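One-letter residues, chain by chain:
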Amino acid sequence: MMKKELGLFVLLIVVSAITGAINPAFLSGVNLLNMANLIGLFGVFAIGEGLVIITGGIDLSVGSMFALLGVVFVDLLTKYEIWWPFCVLLVVAGGLVLGGLQAFLVTRLKMQPFIVTLCGLLIYRGAARYYTTDTTRGFGYGDEADTISDIASGSIFHVPNTFIFLIVLALVMGIVLHRSVYGRWLYAVGKNEEAARFSGIRTGAVIATAYVISGGLAGISTILLVFYTNSVSPSSFGNFYELYAIAAAVLGGCSLRGGEGSIVGIVLGTALLQVLQNLVNILGIPNSLNFAVMGTVILLGVLVDQQLQARRRLAAAAAGSARAAAAATLARGGQGA
Amino acid sequence: MAETLLELSGITKTYPGVTALDNVSLRVQRGEVLGLIGENGAGKSTMMKILGGVTPPTAGTVRIDGREHATLTVTEATRAGIAFVHQELNLFENLDVAANVFIGREKLVGGPLKLVDNAGLRARVAPLLKRLGADFMPDTLVENLSIAQRQMVEIAKALSIDARVIIMDEPTSSLTLTETERLLQVIADLKAHGISVIYITHRLGEIMTCADRVVVLRDGRTVGELARTELSHGVMIRLMIGRDLKSLYIPPKQPARPGGCDIVDLVTPAFPDRQINLSVQHGEILGLAGLVGAGRTSLARAVFGIDRVLGGEIRLDGKAVRVANPRDAIRQGIYLIPEDRKKSGLVLELPIRENVTLASLLVHARLWMVNRGAEQRIAQQQAKSLSIKAPSVDSQAITLSGGNQQKVVLAKWLSMQPRVMIFDEPTRGIDVGAKAEIYALMRGLADRGVAIVMISSDMEEVIGVSDRVAVMHEGRISGMLEREQFSEYNVLRLAIGQTLEPAGAAA
């Protein structure tokens, strides 16, 4: 189960070591902390995306959610001067509601997740641009945003708060996914929805919860991202971020067929993606190749993983028949082999 | 005498450990409708597979037009004019009728572009449809057609390859009465055009209407051949049964207790105009027999809350219970062991342990956290008491044999408190040893007071295991049998919609 994650971790270390050997600046404190910040920013919503992917669905809407919730958030703070904790609550609630709407369409009205969230992507982006008449929202001097700004973009002992938040979130979600009843249901539903239903699991509710969580995490990410860029340009803010999240989840071992993936994997996947982007800069590779490098690594990563899995299955099958020949019976032998 | 078109002689087919066909001979004449009947597992499907060139016989010869074929391939069978109308229709729903008829044999235009000549295909299909009296067009999408209409498409396909023998496997199992009559007319018309039909069915009434000759298979042997004048329900049923049933019956330790599950005027989506009434008591095994498509699985799905119930109610110990979904059913102690265990019973990729506790996870959880200790304990316990053969409870369910997979499905429910258990084809695809174990488990459960409904198409199982048998026919219970009335003859009569013990051989 953890083999995949271990492989990914080794890959991450190897890539980092090679990059560091070529250009030591890669391993400088500033660069590492900068990367940690970005990993934190992207990891939060990648985890939400991962949950949705484990159900066998997909969420294409998060990038546009950032834009819509982002402009609303900035306006709540600056234009309406609402006390910041309320703004935070409202934006997270907004994410939950949008996630809930998508969940309703997917589970109750039986629409395909790809279509529902693609339309979400289009609609939220359009709404953000219309609401702002395409003007950028940002913070002026003296806006009452200092406290939340410090929380969102600050650091503790130089470690970016975003990264700390991601670690805490990963621990919590790790427990939810790998230790809780809900997590077990999520995997069962992702692997075989019918069998889950025949076991009395409310599969609709399980799937819906994943979309709602994804929406909620998108709400939190919005706030973190807003204070990273300090302004929200509705037509470009968060563009393609859903694809980063999907890429991170897939790289981290989530199967688009559902039922597979882990929190550790998703976090490592996010980290590897950020390292790759950083490596492009630091090694002087033309920035225009950024996406191409990312695409190539994901392609190779998934390909190698699939080949390894196929080989492992063959080996397991061989071992299985050998064991059957040895007739290890649980009933007779207690624990068995 | 008409010429012999097709002749099978001395066909034997053995699979490891099973003889599916044993020295069977069969002859089809030009323009003849040959009825082929026999119980489930009598060897009909194997016979058809050999005719279609799908599987080679172990011994024997196939002679077409007097020419001997030692090995018949699919292509040869097709070229010889043998065509199938399958029980499960093999059509592409997303394509139109013409495309389906000529699939793989499309007429191409445009030279190197290899474009499909859609208009040409439609033009060629139109007269075939007209000949069959079809009420749809060559450019209708197959997904918009009813089952009966799709059958016409299959027949049109057969005609388009100039088929001389059309094999129809249970063609009417999902047809309405009118549609069936329409099909029988088409068969008569095919016959008039010199095309032979091999008609496989459980429905003896249709055989009486359309067959010129009937061959009866039993346990892989030809046990009788009847000319048209010799046909009667009684004769056919007697030929189909008449084997010695092995005694499987384990009597209950105590008589059934009153109370249990009553199904009152239940209406299922499969048969919206039929009501089902059925009672099963604590401590008894009620066999539920019937032909495929008689509504047994729909009943099980409705009682378990998978399908919406359209009317009537389910009572447990006299109290009406609401079962809107499987969760409600499980809460009441109503459990289903589904027909397709790989699709609905198990999450194959998960370990045995997680499959066993899938339904009861929340019960043992604290603060929604999986209680891993309890989970391990329950899985070990069940694996032991059901003697699930696996290296450990962490083995994936997919690595197990059919019998052991079924035991895992059972373990899921046995770790909870069953009151009513519905077994849908519990031993399908399971070897003999595991079968006996499952029967013993069912009896054990019944003796613990569980009310058990066992849906089965295996006659030996129905008669050998049940304390009482209910038979379904076209969406309703057509009769109940007590143990002293148990016989294949009685079950079959009820299953084909006739009443028990007729005065004479009713036609």
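Residues numbered from 1 in each chain as written. Chains lettered and ligands numbered in written order. Predicted model: local features only at pLDDT ≥ 70, side-chain atom pairs only at ≥ 80, totals over all residues.

Another point: the overall build of chain B. A count of helical and extended segments in chain B gives 18 helices and 22 strands. A globule of 507 residues ought to have a C-alpha radius of gyration of about 23 Å, and chain B, at 25 Å, matches this closely. Projected onto the principal axes, the alpha-carbon positions of chain B cover approximately 70 × 65 × 45 Å. When each of the 507 residues of chain B is scored for burial, the buried share is 45%. At a minimum sequence separation of 6, the contacts of chain B that also span at least 24 residues come to 68%. (Helix = DSSP H or I, 4+ residues; strand = E, 2+ residues; numbered from the N terminus. Rg over C-alpha atoms; globule rule 2.2 N^0.38 Å. Buried ≥ 20, exposed ≤ 12 C-beta atoms within 10 Å, placed from the backbone. Contact = placed C-beta atoms within 7 Å.)

Helix and strand counts for chain A stand at 14 helices and four strands. Against the globule reference of 20 Å for 337 residues, chain A gives a C-alpha radius of gyration of 22 Å, in line with a compact fold. Counting only C-alpha atoms and orienting by the principal axes, one finds that chain A spans roughly 75 × 55 × 35 Å. Residue pairs at least 24 apart in sequence account for 77% of intrachain contacts in chain A once pairs closer than 6 positions are excluded.

Moving on to the domain arrangement of chain B. Residue and element names in this part refer to chain B. One can read the domain layout of chain B as domain 1 (4-240), domain 2 (250-333 + 420-500) and domain 3 (341-416). With centres defined by C-alpha atoms, the gap from domain 1 to domain 2 works out at 34 Å. Of the residues lining the interface, nine residues belong to domain 1; the matching set on domain 2 comes to ten residues. Partitioning the side of domain 1 that touches domain 2 into residue classes produces two nonpolar, four polar and three charged. (Domains from an automatic or database assignment. Nonpolar A, V, L, I, M, F, W, Y, C, P; charged D, E, K, R; others polar.)

With that settled, consider the sheet that holds strand S13 (residues 257-267) of chain B. Residues and elements named next belong to chain B. One open sheet holds the four strands; their spatial order is S14-S13-S16-S17, and the pairing between them is antiparallel. The open sheet terminates on both sides in strands that have one partner only, identified here as strand S14 (276-282) and strand S17 (319-321). The average undirected angle you get between the axes of adjacent strands in this sheet is 30°. Both S13 and S14 contribute to a ladder of six bridges, which runs antiparallel. Its bridge partner lying in S14, arginine 257 is registered against histidine 282. (Pairing = 2+ DSSP bridges. Axes fitted to C-alpha atoms, helices over the stretch in contact; angles between N-to-C directions.)

It is worth spelling out the nonpolar core at this point. Ranked by size, the top nonpolar core spans 243 residues in total, and within it Ile166 and Ile452 of chain B carry the most contacts. Considering every element that reaches this core, the biggest residue donor is helix H10 (residues 203-229) of chain A, with 15 residues. Contact partners of isoleucine 452 of chain B, with chain neighbours within four places excluded, come to Glu284, Ile285, Leu286, Met421, Phe423, Met442, Leu445 and Ala446 of chain B. (Core = buried A, V, L, I, M, F, W, Y, C linked by C-beta atoms within 7 Å.)

It is worth spelling out unusual backbone geometry at this point. Residue and element names in this part refer to chain A. Although it is not a glycine, glutamate 81 sits at a positive phi angle of roughly 50°. Inspection of the secondary structure assignment puts glutamate 81 in the loop between helix H3 (62-78) and helix H4 (84-108). With 12 C-beta atoms packed within 10 Å, glutamate 81 lands in the exposed category.

To continue, consider the packing of H3 of chain A against H4 of chain A. Residues and elements named next belong to chain A. Where H3 contacts H4, the axes come no closer than 10 Å and their chain directions differ by 155°. One element, H3, and the other, H4, form an angle in the roughly antiparallel class. Crossing of H3 against H4: the hand is right-handed. Here H3 contributes Met65, Leu69, Val72, Phe73, Leu76 and Leu77 to the contact with H4, which in turn contributes Trp84, Cys87, Leu90, Val91, Gly94, Gly95 and Leu98. Classifying every residue of the contact of H3 with H4 by side-chain character gives eleven nonpolar, two polar and no charged. (Parallel < 35°, antiparallel > 145°, perpendicular 65-115°, else oblique. Left-handed = near helix turned anticlockwise from the far one by under 90°.)

Whenever strands of a sheet pair, they do so through backbone hydrogen bonds, lying parallel or antiparallel. Residue and element names in this part refer to chain B. Read across the open sheet, the six strands follow the order S18-S19-S20-S15-S21-S22; overall the sheet is mixed. Because the sheet does not close on itself, it has two edges, and the strands there are strand S18 (334-337) and strand S22 (476-482). On average, adjacent strands in this sheet sit at an angle of 20° to one another, irrespective of strand direction. Bridge count between strand S19 (residues 420-424) and strand S20 (residues 451-455): five bridges; the pairing is parallel. By the bridge assignment, isoleucine 422 is partnered in S20 with valine 453. Across the face of the sheet, helix H9 (residues 296-303) comes into contact with strand S15 (285-290), S18, S19, S20 and strand S21 (468-473) while running at roughly 145° to S19.

All right, on to helix H12 (residues 263-282) of chain A then. All names here are of chain A. Compared with an ideal rise of 1.5 Å per residue, which puts 20 residues at 28 Å, H12 spans 28 Å between its outermost C-alpha atoms and is within 8% of the ideal. Within H12, 15 of the 20 residues are buried, leaving the element largely enclosed by the surrounding structure. Of the residues trailing H12, glycine 284 is marked for its positive phi of about 70°. (Expected span 1.5 Å × (residues − 1).)

The extent of an interface is frequently quoted as the accessible surface area lost upon association of the parts. Taken together, the contacts link 26 residues of chain A with 31 residues of chain B. Elements with a minimum of two residues in the side of chain A that touches chain B: helix H8 (181-191), helix H9 (193-198), helix H13 (290-326) and helix H14 (330-333) of chain A. Residue composition of the side of chain A that touches chain B, by class: ten nonpolar, nine polar and seven charged.

Moving on, we come to the pairing of strand S11 (residues 213-218) of chain B. All names here are of chain B. Relative to S11, strand S3 (residues 33-37) is paired through four bridges, and the arrangement is parallel. Pairing of isoleucine 37 across the sheet is with valine 216, part of S11. Here S11 pairs with strand S12 (residues 221-227) via six bridges, running antiparallel. Pairing of valine 214 across the sheet is with leucine 226, part of S12. Remark: two residues form the turn of the hairpin made by S11 and S12, two consecutive strands paired antiparallel; aspartate 219 in that turn has positive phi of roughly 50°.

All names here are of chain B. Listed in full, the buried residues belonging to helix H8 (residues 233-240) are Met236, Ile237, Leu239 and Met240. Projected down its long axis, H8 carries its buried residues within an arc of 165°, all on one side. Looking at the buried side of H8, the elements it contacts are S3, helix H7 (204-210), S11, S12 and helix H18 (488-495). (Arc of directions from axis to C-beta.)

Moving on: the environment of glutamine 281 of chain B. All names here are of chain B. Within the fold, glutamine 281 resides in strand S14. With 22 residues separating them in the primary sequence, glutamine 281 and glycine 259 have C-alpha atoms 5.6 Å apart. Other than its neighbours up to four places away in sequence, glutamine 281 contacts Ala256, Arg257, Pro258, Gly259, Gly260 and Ala451.

Residue and element names in this part refer to chain B. Relative to the elements of secondary structure, methionine 48 occurs in helix H1 (residues 44-51). Residues methionine 48 and glycine 111, spaced 63 residues apart in sequence, show a C-alpha to C-alpha distance of 39 Å. With near-sequence residues (within four places) excluded, methionine 48 lies in contact with Ile167 and Asp169.

All names here are of chain B. Looking at the element boundaries, glutamine 406 is found in helix H15 (residues 402-414). On the basis of neighbour counts, which here come to 29 C-beta atoms within 10 Å, the residue glutamine 406 falls in the buried class. Note: C-alpha distance between glutamine 406 and leucine 91 (315 residues apart in sequence) is 32 Å. Glutamine 406 has contacts with Arg341, Pro426, Ile430 and Ile438, leaving out every residue within four places of it along the chain.

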